[in-house]
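What the coordinates show
Spelled out from the first residue to the last, the chains are:
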2 protein chains.
Amino acid sequence: MGGEISLEKEMLVSLIKASSGEELCDLVLKNAQIADVFSGEIIQRNIAVKDGYIVGFGDEYKGAEEIDLKNAYVAPGLIDAHIHIESTLATPKEFSRAAIKHGITSVVMDPHEIANVMGTSGLDYMLKASENLPVDFMMMLPSCVPATEFETSGAILHAEDLKPFYRRNKVAGLAEVMDLNAVRSTSEDMMTKLLDANTIHKTVDGHGSGLSPHDNNIYRTAGITTDHECTTLEEAKDRLEKGFYIHIREGSVAKNFDALIPLVTRNSCRRFTFCTDDIYISDLNEHGSIDDMVRRAIKTGLDPVDAIRMATLNPSECYGLKSKGAVAPGYEADFLIVDDLAEFVISSVYKKGQLVYDKNEVKYSYPENIAGDMPDTMNLPDLGKR
Amino acid sequence: MGGEISLEKEMLVSLIKASSGEELCDLVLKNAQIADVFSGEIIQRNIAVKDGYIVGFGDEYKGAEEIDLKNAYVAPGLIDAHIHIESTLATPKEFSRAAIKHGITSVVMDPHEIANVMGTSGLDYMLKASENLPVDFMMMLPSCVPATEFETSGAILHAEDLKPFYRRNKVAGLAEVMDLNAVRSTSEDMMTKLLDANTIHKTVDGHGSGLSPHDNNIYRTAGITTDHECTTLEEAKDRLEKGFYIHIREGSVAKNFDALIPLVTRNSCRRFTFCTDDIYISDLNEHGSIDDMVRRAIKTGLDPVDAIRMATLNPSECYGLKSKGAVAPGYEADFLIVDDLAEFVISSVYKKGQLVYDKNEVKYSYPENIAGDMPDTMNLPDLGKR
């Protein structure tokens, strides 16, 4: 107390001063046609940005930089609700280069694969390697390392190994629970993992591949609230009515979009998000991912703002990412300039108020050596000596 | 670790065993027509209940008690999103008697009035006096005691007084911020209060009576995410697009339902809830409150499930009440039996799986002396000696 001012407080004060007009904003975007995920309407506003946050709508704001958008559409930055970065075959840094081209400014990652090999040092690596990038990497803590007790992978993560990670501010919950047997048999370690996440109101992901309606009762009773493994309408209907968020998955191998999208209507769409789960960096780079799902959802007849909600506000609510998922005061200044809303062609991307992609070019200046140390994980004989 | 089993774990194990069918359920309600707040549809299911929670949908469950609902409708227990219990002129216990008759099984209370007089011992009293009742009383911590620095009430609550209360599991956030001046001028104590709530992802309520669009920018930038003071469509539109949840208020004095309901559509309804703010116990008892708003919303043409969402899932999401607001596995067994969905006539009320109201009679057995000690707060001369 007293004279001590935390970094957070200094920042909050700066934001409020910009919002009240006492200080100049960093950026004002004029004449934006915002896809308003709250009302579901398109609204024309000027957007004021300071220190990476939106601090106001209105004509009263002045910015160090001012840009007239001339009625271009503005949508919130997209969120991939579930992805294993390891499956892209790229580091978070290289992943981010491809992601921002497609308007993906945040992902909810599950470092299951690296944890399987390296345990908690894999989690440490992913947290460190994903810092200071133009994409926010929220982390779910791998719940099933190894996947079942019958598997012998390189590492074992018990509840007590995971618990300290909940103090890290990028950690949003417990990752895909795939060990139905551990849940059904109420294994001590699994119960602790579930309670550790649920008692601090963090989200617990499911992985209900092939689960029956009866199994889904057990999963929901255990506090598991998402699923990204639906492949049929029947599976998705059962999970929807039981209160699972349904992440519609379209990756490099598993492709469930066409099967599931008929279930999404204006009436039900708040419970659906988009995810990739596993996607190769080449596929992401060339064809996009979440942006492409938004486009396809619009083509099936969904209202563009509903499709955008599925990639923004919905995953934000699902994972409690309170300042992500909308273009509005108090939200992070992650947004896309979109030339044609129905075609959803992304011309520029802003991350925390900074232009990171514009006219087919990545504009973000990557710092050198951002990754943490990667311990030796691959061992080969000295090839020269053979 | 080891042999130590917490109460929470014991309960989770019991729920999962009932869900998997290994143990008998307490109650099975057959042939329920559930208002499914997720899909927005009416679905016919059997509902299995154990230890106050719903543990499954399905024909496979057996219960110690089994009731055939014969296709009666079942809706989630209603939530009053913002209420000062003191303004009812009743204790939480007496309030609960009136509330359950009208299907209100949870409230988000702001003990602003008692805190103004008694400070933190008022908060302690309200937490204690609201235990073991057929209504859950979630508490928001009064942010503005006194309301402004120009007021001299009986108590002052600083950030450091409030912070320890966030450890109590009924505390859902920081209550109505009404001191615009303290926010705009970034007062040290107000900044700490806002950050204490926001850094642990708790909700911060606004109280934006008469606030301009510019003021609302400042409030949202400060992390305030609800408002219950809208009186006109214009005010509500501005708050909606800025990301405030709008609590539509209909109390004994302030009545905003008719003015605001035209803004609610299927497109926007997820951002609206119902509240009373201040209602006399006699009004609640005779005319109801949240239940009546649901009825009136349906009469204006809203789909019954959308109207029910506004009183259940929406406030649950707004305040992070993860196991409230829906009839589905994993949710608390708080629900209403409703004879006619469009007329929303409540015939019975279950709280945590227990029948607490049935056929015009309160069935809950109140324990004696549930209230905590109330220190002397009113002082009169000895009237006999005058």
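Throughout what follows, the structure given in this document is the object of discussion. (Residues numbered from 1 in each chain as written. Chains lettered and ligands numbered in written order. Predicted model: local features only at pLDDT ≥ 70, side-chain atom pairs only at ≥ 80, totals over all residues. Heavy atoms only, no water.)

Examining the overall build of chain A
When you go through chain A residue by residue, the secondary structure sums to 14 helices and 17 strands. Its C-alpha atoms give chain A principal-axis dimensions of roughly 65 × 55 × 50 Å. Each of the 386 residues in chain A was classed as buried or not, and the buried ones make up 62%. By sequence separation, contacts in chain A at least 24 residues apart represent 70% of the contacts at least 6 residues apart. For chain A, the exposed area adds up to about 14600 Å²; of that, 49% sits on carbon and sulfur atoms. (Helix = DSSP H or I, 4+ residues; strand = E, 2+ residues; numbered from the N terminus. Buried < 20%, exposed > 50% of the residue type's maximum accessible area, 1.4 Å probe, protein only. Contact = heavy atoms within 4.5 Å. Areas by Shrake-Rupley, 256 points an atom, 1.4 Å probe, with all protein chains shown as cover.)

Things to note about unusual backbone geometry
Residue and element names in this part refer to chain A. A cis geometry characterises the amide bond from valine 145 onward to proline 146, with omega recorded as 0°. Take proline 146: it is sitting in the loop between β8 (136-141) and α5 (159-162). The backbone of aspartate 51 shows a phi angle near 50°, a positive value even though the residue is not glycine. Note on placement: aspartate 51 falls in the loop between β2 (42-50) and β3 (53-57). The phi dihedral of aspartate 277 falls on the positive side, at around 70°, and the residue is not glycine. Among the secondary structure elements, aspartate 277 is positioned in the loop between β13 (272-275) and α11 (281-287).

Observations concerning the relation of the copies chain B and chain A
Its rotation angle being 180°, the transformation that places chain B on chain A also includes 0.0 Å of axial translation and leaves an RMSD of 0.0 Å. The superposition operator between the copies reduces to a two-fold rotation axis. Here 100% of the interface residues in chain B have copies in chain A that are interface residues too; the copies meet face to matching face. (Least-squares fit on C-alpha atoms with pLDDT ≥ 70 in both.)

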